[in-house]
Amino acid sequence: MPSYRSLFRTPEFTPLFLAAAAQTAASTMGGLALGTLVYRATGSPLLSALSMFGPALAQVVGATFLLSGSDRLPPRTALSAIAAVFAAGTAFQAVPGLPPGVLLAVVLLSGLVAALGGGVRWGLLNEILTKDGYLPGRSLFNILNGLTQTVGFATGGLLLATISPRGCLLIAAALYLTAALTLRLGLTARPPRTTGRPSVAATWHTNAVLWSSRPRRLTYLGLWVPNGLVVGCESLYVSYAPESAGTLFACGAVGMLAGDVTVGRLLPPAVRARLATPLLLLLAVPYLAFAARPPLSLAVVCVTVASVGFGASLVQQERLMSLTPDALSGHSLGLHSAGMLTMQGVSAAVAGSLAQVTSPAAGMALMAGASVAATMGLALAGRTPARNTAVRADAEA
């Protein structure tokens, strides 16, 4: 397996990596600022959660209509244009006097564009790295995500204490613009991976092919559902601890970093392959303690330990790639990303609704319980042979 250091000697990996760092920093700072802005204006846990995680709700629309572009658009043009759109949308959110409804509409439109970005980025990563380089490459991106979220949320919390949320949004917009320029100048002009024009029909057809395989179907559900339900818990940090949400997000990023390093670099393949279900349970079980509304010191421990379980996604992605033809890699990874983020957005809406009628602490505990149940159900389904083993051939794609 290639080392992390050797990946940076691969052409195009470094600009893709640096652009992802800028975009992650922008999304963490901008999301925290927008969630705080909406919560201060409305006092609503639901609207606050939707403002931070609402872009994910639009992912299902993008996965339905746009995802064929993941393999049918030039990667450099697509990625730089998407980052530029996010820069413009984030800057617009900083305009004073916008009602919450307008802010949420911009959030949802941004999420629609983001559905295409995941497939293009991860498909390009799969293309520029060797077969045995994808897992350490994706692990390194996840580590970057954890580190950048830690710094981004900590910095965002500090900035919110010194400047306005709108000032933080403008900084986030500048970071998105930096990412767009890095991608445009740092990547080469590669052709699309698949011929043909992006279309709704092509998106639906390839989605159907990918979904027709029972092993892939269970892998997708494992990537989407338990993870998404736990993100519903995270969406309530602002309403659970309004003055310390940045601390909780940063500690969660530290735990996620520890999980990604352990799974991506320290565990041998034979051990790693058996850890998806235990890691998904670890992801949810600590949040059950929020039923007792723990103080911040204990909440920080629960969040940090639970987030180690996000390492399960590396195990599941490795399995997904082993089940997917190379020509469909971008679309397959885009479907994973879009479905995961859609579930996160739905879970944020459900968690916010539960918090409205109960409390943020109770909402977090209920979402965690649902995640545990989903993980156990999928584990049982994975051990049960399908009654009809006939699946559509991948060659139909």
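Keep in mind that this is a model prediction, so the values were computed, not measured.

Chemist: Help me out: how do you make sense of the confidence of the model for the chain in this one?
Modeler: Atomic detail in the predicted coordinates should be set aside for any region of low pLDDT. Model confidence for the chain is summarised by a mean pLDDT of 85, while 93% of its residues fall at 70 or above. Below pLDDT 50 for its whole length, residues 388–397 participates in 15 contacts with residues either more than four positions away or in separate chains.

Chemist: So what exactly am I meant to see when it comes to the pattern of salt bridges here?
Modeler: Any two side chains of opposite charge can pair if their charged atoms end up close together. Under the defined criterion, the tally for this structure stands at three salt bridges. Between arginine 272 and glutamate 318 there is a salt bridge, with the nearest N and O atoms lying 3.1 Å from each other. Here glutamate 318 lies in helix α17 (residues 312–322) and arginine 272 lies in helix α14 (residues 269–272), a separation of 46 residues in the sequence. Classification of arginine 272 as buried rests on a relative accessible area of 2%. Each of the salt bridges in this network shares a partner with another, and the network as a whole consists of Glu12, Glu127 and Arg190.

Chemist: Sorry, what's going on with the packing of helix α7 (residues 100–128) against helix α18 (residues 329–357) here?
Modeler: Packed helices, taken two at a time, are described by the angle their axes make and the gap between the axes. For the pair α7 and α18, interaxial distance at closest approach is 7 Å and the crossing angle is 135°. With respect to α18, the axis of α7 lies oblique. As for the relative orientation of α7 and α18, their crossing is right-handed in sense. Residue-level inspection shows Gly118, Gly119, Trp122, Gly123 and Asn126 of α7 in contact with α18, the latter providing Ser329, Gly330, Leu333, Gly334 and Ser337. Partitioning the contact of α7 with α18 into residue classes produces two nonpolar, eight polar and no charged.

Chemist: For this particular structure, what's the right way to read the packing of aromatic side chains?
Modeler: Two aromatic rings are characterised by how far apart their centres lie and by the angle between their planes. Within this structure, the stated rule accounts for 13 aromatic pairs. When the centroid spacing of 5.2 Å and the interplanar angle of 85° are considered together, the rings of phenylalanine 8 and phenylalanine 17 count as edge-to-face. The exposure class of phenylalanine 8 is partly exposed, given its relative accessible area of 35%. Assessed through its relative accessible area of 12%, phenylalanine 17 is described here as buried. Within the aromatic cluster, the residues linked to one another by ring pairs are Phe8, Phe13, Phe17, Trp122 and Phe141. Over the aromatic face of tryptophan 122 sits the side chain of arginine 121, whose NZ or CZ is 5.5 Å from the ring centroid.

Reading the values: the criteria
- Residues numbered from 1 in each chain as written.
- Predicted model: local features only at pLDDT ≥ 70, side-chain atom pairs only at ≥ 80, totals over all residues.
- Heavy atoms only, no water.
- pLDDT = per-residue confidence, 0-100.
- Contact = heavy atoms within 4.5 Å.
- Salt bridge = Lys/Arg side-chain N within 4 Å of Asp/Glu carboxyl O.
- Helix = DSSP H or I, 4+ residues; strand = E, 2+ residues; numbered from the N terminus.
- Buried < 20%, exposed > 50% of the residue type's maximum accessible area, 1.4 Å probe, protein only.
- Axes fitted to C-alpha atoms, helices over the stretch in contact; angles between N-to-C directions.
- Parallel < 35°, antiparallel > 145°, perpendicular 65-115°, else oblique.
- Left-handed = near helix turned anticlockwise from the far one by under 90°.
- Nonpolar A, V, L, I, M, F, W, Y, C, P; charged D, E, K, R; others polar.
- Phe/Tyr/Trp six-rings, centres within 6.5 Å; stacked < 30°, edge-to-face > 60°.
- Lys NZ or Arg CZ within 6 Å of the ring centre and 35° of its normal.

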